[in-house]
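Close look at the chain arrangement
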Amino acid sequence: MELVNENFLKLKAGYLFPEIGRRVKAFLEAEPEKGKRLIRCGIGDVTEPLPDAAREAMKAAVDELGSRETFRGYGPEQGYEFLRKAIVDNAYSGLGVDADEVFISDGSKCDTGNILDIFGKGIKVAITDPVYPVYVDTNVMAGNTGEADASGRFEGLVYLPCTAENEFVPALPEEKVDLIYLCYPNNPTGTVATREQLEKWVAWAKANDAIILYDAAYEAYVQGSEVPKSIFEIEGARECAMEFRSFSKNGGFTGVRCAYVVIPKELTGSTKSGERVSLHGLWARRHATKFNGCSYPVQRGAEALFSVEGKMQVAKLVKHYMGNAALLSAACKKIGLAVYGGEHSPYVWVKCPEGVDSWGMFDKMLHEAQVVITPGSGFGAAGEGYFRISAFNTREKVEEVCARLEAVLG
Ligand code: MLT
């Protein structure tokens, strides 16, 4: 008998983005003429060409593989030292992170899902609501939840509502939890957490023996130095947090694939008998067993993003997408909608017009404006009544989206 993991059967709807893809496909089949005008602002996928620095480095690395003297086979599972060192010297300068605490991978989506391998079954998990759906679905798959209720909330998860009232930074949990996923700049709301807010979270996690899984995939979009880019800017975070980062949204690597997680050596979890165990050690073991490393040319490309030219090219990309976010925010404000995010993030989170729900807004934008947005409710029950617009696009298309928003809603 082929026994299956029945936890998968609890996942009622499809993963959000394939679900959007299905609806868009149906629309394109039904309305091929209108479909020619389609502009996609749904999934946060980059549109601009790869930085030259990364392309050149990848080409040179491929050439190295073309001669026996410089050929490389399997690389270190944890990632090449040249990249881990470039990361700590640049992304974590002054924060006391050691290159040995960085694990290179092929994506933060995979990392935030796979990390559950090192935690015990049946742990208590807190997530914000709305939230990046991967955190929820991977916990369902891992058996850390019961069934979903009518609103799509899973029994056993602790949902922390993020609303306009709390500026999309949740209140601390009222019960003991083992893991908390925090993502800032936030996907989907595009909002950020202040230093003071993160200090409260770190203090809470330490006092309650909880681990913060901090997703900083969008840190490159933080403007200025007031808003923390890393949880490790907060004192004490090394004892209660790990941080996920990616080259997808800064270096345009969504198709190239390279990311990393930083797990401090101090970070420990507990066995049932109360023995403290290093999470760094467990993840190193897991990584070495189930992963053979990200490809050499890709790691050379990622390293090049930290070169002088690479940094300038990344800054230019971020500026481009932030310019798009400013245009989209302004267009939504002009038609009288409440707008959040978009100031330190490529996502603009918008309140639907009176009387329209999230999927209603999705359909309206698809059918009347031929623009794909993401329905807020797809990120959780507390996202109902909102929609997300991704600023990852060409300037020309963003200007067209702004005009169509005004035509349809203005
Ligand atoms: C999003 O649109 O939320 C992101 O692109 C998803 C991801 O990075 O996996």
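Given the structure is predicted, the values throughout are model-derived calculations rather than measurements.

**Some points on the site of the ligand**
Looking at the ligand, the residues that line it are Phe17, Ile43, Gly44, Tyr132, Asn187, Tyr218, Lys249, Tyr347 and Arg388. With respect to the ligand, the side chain of Tyr132 contributes an N or O atom lying 2.6 Å from an oxygen atom. Within the side chain of Asn187, a nitrogen or oxygen atom sits 2.8 Å from an oxygen atom of the ligand. For the ligand, whose free accessible area comes to 270 Å², the fraction covered by protein is 85%. Considering only residue class, the shell around the ligand consists of 5 nonpolar, 2 polar and 2 charged. Formed jointly, the shell around the ligand draws a minimum of three residues from each of two domains, domain 1 (12-49 + 309-409) and domain 2 (54-308).

**Overview of the pairing of strand β4 (residues 158-161)**
Strand direction decides the pairing type here: strand β3 (residues 125-129) and β4, joined by 4 bridges, are parallel. Bridging across to β4, Asp129 finds its partner in Pro161. Assessed by its sense of winding, the connection that carries the chain from β3 through helix α6 (residues 133-141) to β4 is right-handed.

**A closer look at unusual backbone geometry**
Of the consecutive residues Asp129 and Pro130, the connecting peptide bond is found in the cis state with omega at 5 degrees. Turning to its location among the elements, Pro130 is positioned in the loop between β3 and α6. Positioned with a positive phi, Phe168 is a non-glycine residue whose angle comes to about 65 degrees. Along the chain, the position of Phe168 falls in the loop between β4 and β5 (179-183).

**A look at the nonpolar core**
Ranked by size, the top nonpolar core spans 60 residues in total, and within it Leu83, Ile87, Ile180, Ile212, Phe247 and Cys258 carry the most contacts. Both domains that meet at this core, namely domain 1 (12-49 + 309-409) and domain 2 (54-308), each give it at least three residues. Among residues more than four places away in sequence, those in contact with Ile212 are Ile180, Leu182, Trp201, Val202, Ala205, Cys240, Ala241 and Met242. By size, the runner-up hydrophobic cluster in this structure holds 39 residues, among which are Phe168, Val348, Val401 and Leu409.

Rules used throughout
- Residues numbered from 1 in each chain as written.
- Predicted model: local features only at pLDDT ≥ 70, side-chain atom pairs only at ≥ 80, totals over all residues.
- Heavy atoms only, no water.
- Near = heavy atom within 4 Å.
- Polar contact = N/O pair within 3.5 Å; in protein donor to acceptor, adjacent residues only side chain to side chain.
- Areas by Shrake-Rupley, 256 points an atom, 1.4 Å probe, with all protein chains shown as cover.
- Nonpolar A, V, L, I, M, F, W, Y, C, P; charged D, E, K, R; others polar.
- Domains from an automatic or database assignment.
- Pairing = 2+ DSSP bridges.
- Helix = DSSP H or I, 4+ residues; strand = E, 2+ residues; numbered from the N terminus.
- Right-handed = clockwise from strand over helix to strand, strands pointing away.
- Core = buried A, V, L, I, M, F, W, Y, C linked by side-chain atoms within 4.5 Å.
- Buried < 20%, exposed > 50% of the residue type's maximum accessible area, 1.4 Å probe, protein only.
- Contact = heavy atoms within 4.5 Å.

The values are spatial; any link to function lies outside them.
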